Amino acid sequence: AATLNSTSFTYLVWINITDNAVNREVLGSEAVNNAREWYISTDGKQYFAKTNVGNVGNSTSVVPTGAYHHIALSYDGTNFAFYLDGVLDGSGASAQTFDTVTRTISNNANDFLGDMDEIIVFDRVLTAAEIQDIYSGVAITDTGGVFLLS
């Protein structure tokens, strides 16, 4: 089974965001220090952040509001990559460690505003081809380490 405490991970979700007047958390973990957070910022871009550090990186493109889009974040402990509708949309490097996850799925003052569907968590980094396949509705053969909410 997938663990939300993995150093390497890929998060994928279909979203229809209706408002980004404040940062809107997509997925996050609750920890006293060193928690991870994936959110849509007021500039409309995806961000990956760590408490007590700040932003680790961000996507290139704005996630449009008012329609469904598939977004993904992968991280291997050093390298991160953002995807929008199956296409690489920014990447970089930042070595980080995170505390144990005690909660995930948005639940704070900046809750996600809109709809989410098919939230998938892998405890490994997916390839760009695998992310494209999931976006396109093609089943991938390796389902080990998967946590799915739909």
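Residues numbered from 1 in each chain as written. Predicted model: local features only at pLDDT ≥ 70, side-chain atom pairs only at ≥ 80, totals over all residues. Heavy atoms only, no water.

**Looking at the overall build of the chain**
Scanning the chain from terminus to terminus reveals one helix and ten strands. A fraction of 59% describes how many contacts in the chain between residues 6 or more apart in sequence connect residues 24 or more apart. Summed over its atoms, the accessible surface of the chain is roughly 6,800 Å², and 49% of this surface lies on carbon and sulfur atoms. (Helix = DSSP H or I, 4+ residues; strand = E, 2+ residues; numbered from the N terminus. Contact = heavy atoms within 4.5 Å. Areas by Shrake-Rupley, 256 points an atom, 1.4 Å probe, with all protein chains shown as cover.)

**Let's talk about the side chain of asparagine 16**
Mapped onto the secondary structure, asparagine 16 falls in strand E1 (residues 9–17). Taking the relative accessible area as the measure of exposure, asparagine 16 reaches 13% and is therefore buried. Separated by 3.0 Å, the side chain of asparagine 16 and the backbone nitrogen of alanine 67 make a polar contact. Other than its neighbours up to four places away in sequence, asparagine 16 contacts Gly66, Ala67, Tyr68, Phe112, Leu113, Gly114 and Asp115. (Buried < 20%, exposed > 50% of the residue type's maximum accessible area, 1.4 Å probe, protein only. Polar contact = N/O pair within 3.5 Å; in protein donor to acceptor, adjacent residues only side chain to side chain.)

**Some thoughts on helix H1 (residues 128–136)**
Since the α-helix packs 3.6 residues into each turn, any two residues three or four apart lie on the same face. For H1, the set of buried residues is Glu130, Ile131 and Ile134. End-on, the buried residues of H1 take up no more than an arc of 100°, which puts them together on one face. Those residues of H1 that are buried are in contact with E1, strand E6 (69–75), strand E7 (79–84) and strand E9 (114–122). Downstream of H1 by one or two residues, glycine 137 has phi in the positive range, about 90°. (Arc of directions from axis to C-beta.)

**Let's talk about the nonpolar core**
Core analysis: the biggest nonpolar cluster contains 21 residues, and Val26, Trp38, Phe48, Ile71 and Leu73 have the highest contact counts within it. Counting residues per element, the ones that place at least two in this core are E1, strand E2 (24–28), strand E3 (36–40), E6, E7 and E9. With five residues, the single largest contributor to this core is E1. Filtering out sequence-adjacent residues up to four positions away, isoleucine 71 remains in contact with Tyr11, Leu12, Val13, Ile15, Val26, Trp38, Ile40, Gln46, Val63, Tyr83 and Leu84. Membership of the second largest hydrophobic core comes to ten residues, among which are Tyr83, Phe122, Leu126 and Ile131. (Core = buried A, V, L, I, M, F, W, Y, C linked by side-chain atoms within 4.5 Å.)

**Description of the side chain of histidine 70**
Relative to the assigned elements, histidine 70 resides in strand E6. With sequence-adjacent residues up to four places away left out, histidine 70 is seen in contact with Leu12, Val13, Trp14, Tyr83, Leu84, Asp85, Gly86, Ile134 and Tyr135.

**Quick notes on the packing of aromatic side chains**
This structure, assessed with the given rule, holds eight aromatic pairs. An angle of 35° between the planes, with centres 6.1 Å apart, marks the rings of tyrosine 11 and tryptophan 38 as tilted. Here the residue tyrosine 11 occupies a position in strand E1, and tryptophan 38 occupies one in strand E3, the gap between them amounting to 27 residues. Judged by its relative accessible area of 5%, tyrosine 11 is buried. (Phe/Tyr/Trp six-rings, centres within 6.5 Å; stacked < 30°, edge-to-face > 60°.)

**Observations regarding the sheet that holds E2**
Judged by pairing direction, the sheet is antiparallel, and its four strands sit side by side in the order E2-E3-E4-E5 without closing on themselves. A single partner strand is all that each edge strand has here, and the edge strands are E2 and strand E5 (54–58). Across the sheet, the mean angle separating the axes of adjacent strands is 30° when strand polarity is ignored. (Pairing = 2+ DSSP bridges. Axes fitted to C-alpha atoms, helices over the stretch in contact; angles between N-to-C directions.)

**Some words on unusual backbone geometry**
Only a minority of non-glycine residues have a phi that is not negative, and only a minority of peptide bonds are not trans. Its identity as a non-glycine residue notwithstanding, aspartate 85 has a phi of 50°, on the positive side. Within the fold, aspartate 85 resides in the loop between E7 and strand E8 (87–93). One non-glycine residue, glutamate 118, lies in positive phi territory at about 50°. As for its placement among the helices and strands, glutamate 118 is situated in strand E9.

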